[in-house]
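Okay, here's what each chain looks like letter by letter:
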Amino acid sequence: MRPAPLALLPALVVLAMSPALSGSALAADYTGPLFDAHLHYNEEAWNGHDGPHPPADVLARMQRNGVKGILSNSRPNDGTRALAALPQTRAAGVTVVPFIRLYRTRADYDNWFRDPSIYRMVQEELARGTAAGPYRGLGEFHLYDSGNARGPVARQLMALAEEKSLVVLAHVDDEAIELLMAATPSQGRELRLVWAHTGINGTPIERVQDLLAKYPRLMGELSYRPGLTCDGGKLCPDWRALIERHPDRFLIGSDTWVNQRWQHYDATMLGYRAWLGDLPADIARRIAWGNAARLFGLPP
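Note that this is a predicted model, so its numbers are computed, not measured.

## Examining helix H9 (residues 205-214)
The set of residues buried in H9 consists of Ile205, Val208, Leu211 and Leu212. Take H9 and look down its axis: the buried residues cluster within an arc of 120 degrees, on one side only. Those residues of H9 that are exposed and angled more than 90 degrees off the buried face are Glu206 and Ala213. In this fold, the buried residues of H9 make contact with helix H8 (174-182), strand E6 (193-195), strand E7 (218-221), helix H10 (237-245) and strand E10 (250-251).

Here it is as structure tokens:
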């Protein structure tokens with residue numbers, strides 16, 4: 001289960017306020033490029049033939065919101081390969097960083113960590129690559145029971161990710177972070193892991209701080225993060241302090257896991273621009289673009 005969607009601005013308000021559309025954003029809003037570090041292009045959105053969000057639709061949403069790069073992962077992986085291959089993606093100025101999702105169908109959510117066919121599928125996808133180049137990471141995957149991080153395939157994949165310098169995108173709790181890190185040869189010191197939502201069920205901020213200190217390549221992605229904003233969409237003081245203490249460790253994302261998230265993509269990105277504008281300009285640029293650029297070797 002995921003948390004209920006955040007409160008969303010009405011579409012007309014978004015159209016009126018979006019800096020990419022009208023240039024009328026508040027003076028404090030961040031106006032630079034964005035990297036969406038948690039994007040899905042699942043078969044419900046577009047299956048290659050029909051659907052409510054074909055490529056022209058989703059690329060237009062990215063373009064008008066100043067999204068210049070995406071970490072794309074899809075169920076199945078066809079959606080990511082399609083976005084990577086389209087000349088329209090390049091024309092929209094969007095760089096695709098492709099990840100291998102571990103799910104072929106919804107049935108894989110609950111069994112991937114012990115299913116040898118998932119490991120074989122990952123190997124096949126790595127050999128295949130995409131039109132945007134080789135896959136850069138694994139995930140997003142879920143562990144609804146943190147103990148399943150001990151599953152044989154989960155452990156194999158973490159070791160593989162470290163061996164091949166693949167980034168991992170994991171929707172897990174703090175205990176599972178520890179177990180996944182322990183499955184690598186370096187005990188997590190070298191694994192580049194993006195923690196989807198920076199925890200689930202509101203992992204205490206003190207625990208987030210401890211894990212950032214323990215694992216130097218752990219990064220937090222901030223979609224759906226409880227307690228992140230308050231007072232009209234500004235950063236809450238404790239989160240502002242944590243981000244300013246670790247400005248190189250956080251990313252933003254849309255998490256378009258269902259079609260409703262595509263429908264409110266403008267509002268999601270406008271919300272990020274609002275609280276990014278509440279940070280010092282150099283830190284805002286890092287969270288919005290620079291940290292992902294460094295992680296994936298994109299222009300700064």
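## What about the packing of H9 against H10?
For any two helices packed against each other, one specifies the inter-axial angle together with the distance between the axes. In contact at an axis separation of 11 Å, H9 and H10 are set at 5 degrees when each is read in the N-to-C sense. By the criterion of interaxial angle, the relationship of H9 to H10 is roughly parallel. The segment H9 lies against H10, with Ile205, Val208, Gln209 and Leu212 engaging Asp238, Trp239, Leu242 and Arg245. Taken together, the residues that form the contact of H9 with H10 break down as 5 nonpolar, 1 polar and 2 charged.

## Describing the UniProt feature "domain: Amidohydrolase-related" (unreviewed entry) in the protein chain
In this structure's numbering, the residues bearing the UniProt feature "domain: Amidohydrolase-related" (unreviewed entry) are residues 120-298. Between the C-alpha atoms that bound residues 120-298 the distance is 29 Å, and the span itself is 46% helix and 13% strand.

## Details of the sheet that holds E6
If you trace the 8 strands from one edge of the open sheet to the other, you get E1-E2-E3-E4-E5-E6-E7-E10, paired in parallel fashion. Unpaired on one side and paired on the other, strand E1 (34-40) and E10 mark the two borders of the sheet. Where strand E4 (residues 137-142) lies against strand E5 (residues 167-171), 5 bridges are found, and the strand directions are parallel. Paired with glycine 139 across the bridge in E5 is leucine 169.

## Examining the environment of arginine 249
Tracing the chain through its elements places arginine 249 in the loop between H10 and E10. Here arginine 249 is in contact with Leu212, Tyr215, Pro216, Arg217, Leu218, Met219, Gly220 and Asn291, once residues within four sequence places are set aside.

## Concerning the nonpolar core
In terms of nonpolar packing, the biggest core is built from 74 residues, with Phe141, Leu157, Ile243 and Trp275 touching the most fellow members. The element contributing the most residues to this core is helix H7 (residues 152-163), with 6 residues. Discounting residues that sit within four places of it in the chain, tryptophan 275 has contacts with Leu222, Leu228, Thr229, Gly233, Lys234, Leu235, Ile243, Ile252 and Ile287. Counting 17 residues, the second-largest nonpolar core is a separate cluster that includes Ala37, Val194, Leu251 and Ala293.

## Some points on the pairing of strand E2 (residues 67-73)
With 6 of its 7 residues buried, E2 lies for the most part within the structure. As defined by bridge partners, E1 adjoins E2 across 5 bridges and the pair is classed as parallel. Its bridge partner being in E2, phenylalanine 35 is matched across the sheet by glycine 69. In this view, the connection linking E1 to its parallel neighbour E2 by way of helix H3 (residues 55-64) has right-handed handedness. Pairing of E2 with strand E3 (residues 95-100) involves 4 bridges; the strand directions are parallel. Within the sheet, the bridge partner assigned to glycine 69 lies in E3 and is threonine 95.

Quick notes on the rules
Residues numbered from 1 in each chain as written. Predicted model: local features only at pLDDT ≥ 70, side-chain atom pairs only at ≥ 80, totals over all residues. Heavy atoms only, no water. Buried < 20%, exposed > 50% of the residue type's maximum accessible area, 1.4 Å probe, protein only. Helix = DSSP H or I, 4+ residues; strand = E, 2+ residues; numbered from the N terminus. Arc of directions from axis to C-beta. Contact = heavy atoms within 4.5 Å. Axes fitted to C-alpha atoms, helices over the stretch in contact; angles between N-to-C directions. Parallel < 35°, antiparallel > 145°, perpendicular 65-115°, else oblique. Nonpolar A, V, L, I, M, F, W, Y, C, P; charged D, E, K, R; others polar. UniProt positions renumbered as here; feature names shortened; annotations may be inferred. Pairing = 2+ DSSP bridges. Core = buried A, V, L, I, M, F, W, Y, C linked by side-chain atoms within 4.5 Å. Right-handed = clockwise from strand over helix to strand, strands pointing away.

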